[in-house]
Amino acid sequence: MKDALGKLRNELDRVDATLVDALAGREKLIARIGELKRGGGELRDPNREEELLTRLVDLGKRAGLDTYYITRLFREIIDHSIRKQQEHLTDAQNPERAGAEQIVIGYQGVEGAYSHLAARKHFGPRGVDVRYEGSRSFRELLERVRDGEVRYAMLPIENTTAGSINEAYDLLARMKLALVGEEVCEINHCLLAIEPVSVSRIRRVYSHPQAIQQCTEFLDSLAECHVESFADTALAARKLRDDQDLSQAAIAGEQAAQIYGLSIIKRGIANQKENFTRFVVVAREPERFDTRITCKTSVIFATRHEEGALLRALNVLSEQHLSMTKLESRPRPAAPWEYLFYVDFEGNVADKRVETALRSLASETSFLKVLGSYAARTTRDARPAEPRKPQAAAAAGNVEGQRDPQSPPASVLQMLEKKPYKLVSRAQRSRDTHIHVGNVVIGEQSPVIIAGPCSVESREQILACAEKVREAGADILRGGCFKPRTSPYAFQGLGYEGLDLLEEAGKQFGLPIITEVMHPSDVEKVARQADILQIGARNMQNFSLLKEVGRVDRPVMLKRGLMASIDEWLAAAEYILANGNQQVILCERGIRTFETATRNTLDLSSVPVARERTHLPVLVDPSHACGTWRWIPAMSRAALACGAQGIMIEMHPEPEKALSDGPQALNFERFAELMHDLLATAK
Ligand code: PEP
Ligand code: MN
């Protein structure tokens with residue numbers, strides 16, 4: 001056994017070495033392409049990136065490799081190539097930068113701090129000799145840049161949970177420095193201790209104030225525990241190692257545990273599961289960027305004391321079609337009740353439109369400081385394309401008469417004026433509402449496909465479903481955790497335990513998740529984990545629940561009630577919009593009629609009617625309407641043909657063993673077949 005294992009491992013080592021060789025070969029080719037592109041031409045071709053990924057996914061499939069695995073791997077490789085090519089071009093524009101022998105990069109903290117990791121991620125692809133040096137504070141760090149002791153500083157500027165890092169902004173306003181880059185790092189806070197002790201034994205927790213702020217919910221749950229601020233997360237980890245005290249813990253990243261030989265006693269303790277920090281690269285002088293690189297520009301300004309001053313300043317960007325990505329305000333030093341505005345927008349100072357905008361901005365403000373332009377990392381087109389996915393029957397969804405229900409005739413508008421809903425009405429808003437969920441847009445041209453089991457039943461079950469949903473090219477993963485069952489003795493769902501599993505499956509396969517919420521007191525909690533909240537048919541007129549989901553900032557899918565007219569359904573949606581949340585998706589799922597052959601009667605005529613009366617997206621759930629899997633493919637096609645902007649399908653690894661709605665679940669093979677069919681129609 002030992003021998004056999006050793007042999008296999010040797011073989012594995014050889015395969016890995018071949019992979020590294022292949023990557024090195026790829027990198028050489030990229031460098032040559034970079035040389036060629038210096039001369040001109042498009043820097044990136046999203047069509048080619050899409051094609052390349054699609055081809056690799058196909059190749060992988062034939063070799064028995066998982067689609068998502070191949071996509072993730074090659075997106076990383078392509079992203080690296082894009083960065084390499086950008087570095088080539090930027091070197092060409094900044095000869096003084098290209099010649100550097102060794103560059104010193106500064107960051108705040110000690111080895112293993114998040115800033116250190118961000119610096120390594122950013123400067124790795126530069127391909128020059130770099131040395132990293134930690135500083136004690138942001139101020140010291142930036143002073144070292146100013147004094148030429150370090151070439152660049154990696155400065156955290158904002159976090160997706162805790163928001164802007166005020167000190168960083170204030171220092172940028174005060175000091176004469178430039179921004180030359182940005183980086184985004186996923187932050188995964190862990191609780192570290194010197195040994196794998198139970199969390200309940202911890203009495204003291206150390207970390208950076210930002211990290212503490214991002215983990216307040218977890219910290220609040222610890223009884224009798226003292227929390228203490230430290231200059232950075234890695235320093236807190238180092239203290240643990242030095243003290244060797246079992247009652248102490250630190251909040252820091254995985255790498256810090258490795259560096260200081262600590263145990264991770266709990267992972268993922270941040271309030272928000274998706275936790276990213278954006279860093280900026282600070283230098284003494286600005287750098288020039290090729291206009292083919294997607295750039296951002298950062299400025300700081302103060303407005304004049306005139307009415308509409310801020311509006312006019314921002315309008316300058318819109319006039320030049322420059323999209324703003326961030327707006328922040330901070331107190332203006334030595335001027336009580338006056339503010340400095342920090343604005344990031346897409347664009348490069350080397351571009352004419354930006355030059356014009358900056359000139360106008362200067363005349364609209366009382367102070368303007370341009371921090372510089374740099375290669376963007378957060379905008380969508382700064383990242384590699386997705387593999388091409390044939391869009392489900394988009395053509396079918398656009399049958400004549402359904403194509404553009406955007407301006408109803410005057411007689412319809414008159415009729416709509418009398419309805420018991422206003423905000424959902426086309427009379428209020430004629431344009432279709434688009435709802436963004438991760439990278440998916442619901443209500444746009446191409447239909448969206450939601451699929452998954454009726455209920456989350458186990459980790460294996462939901463992971464297997466998610467894999468198939470992803471592989472088939474569907475967009476969103478469904479799974480019920482709180483189940484509205486006719487009988488109190490039937491399976492009621494796994495509750496929050498199920499939601500954790502659904503979330504894990506969604507993350508692993510890059511799919512947004514949707515789940516039903518049944519009680520108003522669960523709304524806020526479920527909204528923290530689910531990307532879309534579902535209101536089930538039985539709760540369509542549960543007005544306290546509707547009001548509650550109206551108060552959270554999460555898309556809501558409202559299913560049509562079993563006995564509800566179209567107008568009652570739309571009036572129910574009005575409850576959600578009237579409470580603030582405008583992100584409602586309607587879902588037709590069949591109504592009660594005298595017919596018993598199907599579980600419900602799928603009222604497809606509600607689709608064109610609802611789409612005429614409201615701007616909200618309308619989806620169809622043929623699974624709950626038919627109640628039997630055999631009719632689902634036909635009704636799915638019909639739904640898209642009559643203008644539904646998406647469908648929701650139930651599937652299960654073993655429908656005959658499902659704990660709920662087995663008879664209507666498609667098995668994996670049938671689901672893949674249906675998806676293939678729907679996607680093929682689109683071509
Ligand atoms: C569901 O989608 O899980 C569900 C229970 O559907 P409905 O509310 O339409 O019956
Ligand atoms: Mn169901």
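Residues numbered from 1 in each chain as written. Chains lettered and ligands numbered in written order. Predicted model: local features only at pLDDT ≥ 70, side-chain atom pairs only at ≥ 80, totals over all residues. Heavy atoms only, no water.

Asks: What is the right way to look at the sheet that holds strand β13 (residues 324-331) in this model?
Replies: Backbone-to-backbone hydrogen bonds join strands into a sheet, with any given pair of strands oriented parallel or antiparallel. Taken in spatial order, the four strands make up an open sheet running β13-β14-β12-β15, and their pairing is antiparallel. Two strands in the sheet have a free side with no partner beyond their single neighbour: β13 and β15 (365-375). Each strand axis lies, on average, 15° off the axis of its neighbour in the sheet, ignoring direction. Where strand β12 (residues 295-303) lies against β15, nine bridges are found, and the strand directions are antiparallel. Counterpart to Thr 303 in the pairing with β15 is Thr 365. (Pairing = 2+ DSSP bridges. Helix = DSSP H or I, 4+ residues; strand = E, 2+ residues; numbered from the N terminus. Axes fitted to C-alpha atoms, helices over the stretch in contact; angles between N-to-C directions.)

Asks: I would appreciate a short explanation of the site of ligand 1 in the present structure.
Replies: Around ligand 1 lies a shell formed by Arg 478, Lys 483, Pro 484, Glu 516, Gln 534, Gly 536, Ala 537, Arg 538, Lys 559, Arg 589, His 624 and Met 648. Between Arg 478 and ligand 1, the recorded distance is 2.7 Å, taken from a side-chain N or O atom to an oxygen atom. Between ligand 1 and Lys 559 there is a distance of 2.8 Å, counted from an oxygen atom to a side-chain nitrogen or oxygen. Out of a free accessible area of 290 Å², ligand 1 has 97% covered by protein chains. Considered class by class, the residues forming the shell around ligand 1 number three nonpolar, three polar and six charged. (Near = heavy atom within 4 Å. Polar contact = N/O pair within 3.5 Å; in protein donor to acceptor, adjacent residues only side chain to side chain. Areas by Shrake-Rupley, 256 points an atom, 1.4 Å probe, with all protein chains shown as cover. Nonpolar A, V, L, I, M, F, W, Y, C, P; charged D, E, K, R; others polar.)

Asks: Is there a simple way to explain the pattern of salt bridges in this structure?
Replies: Any two side chains of opposite charge can pair, on the condition that their charged atoms come close. Summed over all chains, the structure comprises 46 salt bridges. A salt bridge links Arg 204 to Glu 228, with the nearest nitrogen and oxygen atoms 2.9 Å apart. Of this pair, Arg 204 sits in strand β7 (residues 204-207) while Glu 228 sits in strand β8 (residues 226-229), placing them 24 residues apart in sequence. Of the residues examined, Glu 228 reaches a relative accessible area of 27% and is grouped as partly exposed. Overlapping salt bridges, with partners in common, bring together Glu 158, Glu 182, Arg 278, Lys 296, Lys 326, Glu 328 and Asp 344 in one network. (Salt bridge = Lys/Arg side-chain N within 4 Å of Asp/Glu carboxyl O. Buried < 20%, exposed > 50% of the residue type's maximum accessible area, 1.4 Å probe, protein only.)

Asks: Please clarify how the sheet that holds strand β9 (residues 248-252) should be interpreted in this entry.
Replies: Taken together, five strands build an open sheet; the order of strands is β8-β7-β9-β6-β10 and the sheet is mixed. A single partner strand is all that each edge strand has here, and the edge strands are β8 and β10 (263-266). Along the sheet, successive strands turn relative to each other by an average axial angle of 35°, direction set aside. Note: strand β6 (residues 190-193) against β9, three bridges, orientation antiparallel. Of the residues in β9, the one forming a bridge with Leu 191 is Ile 251.

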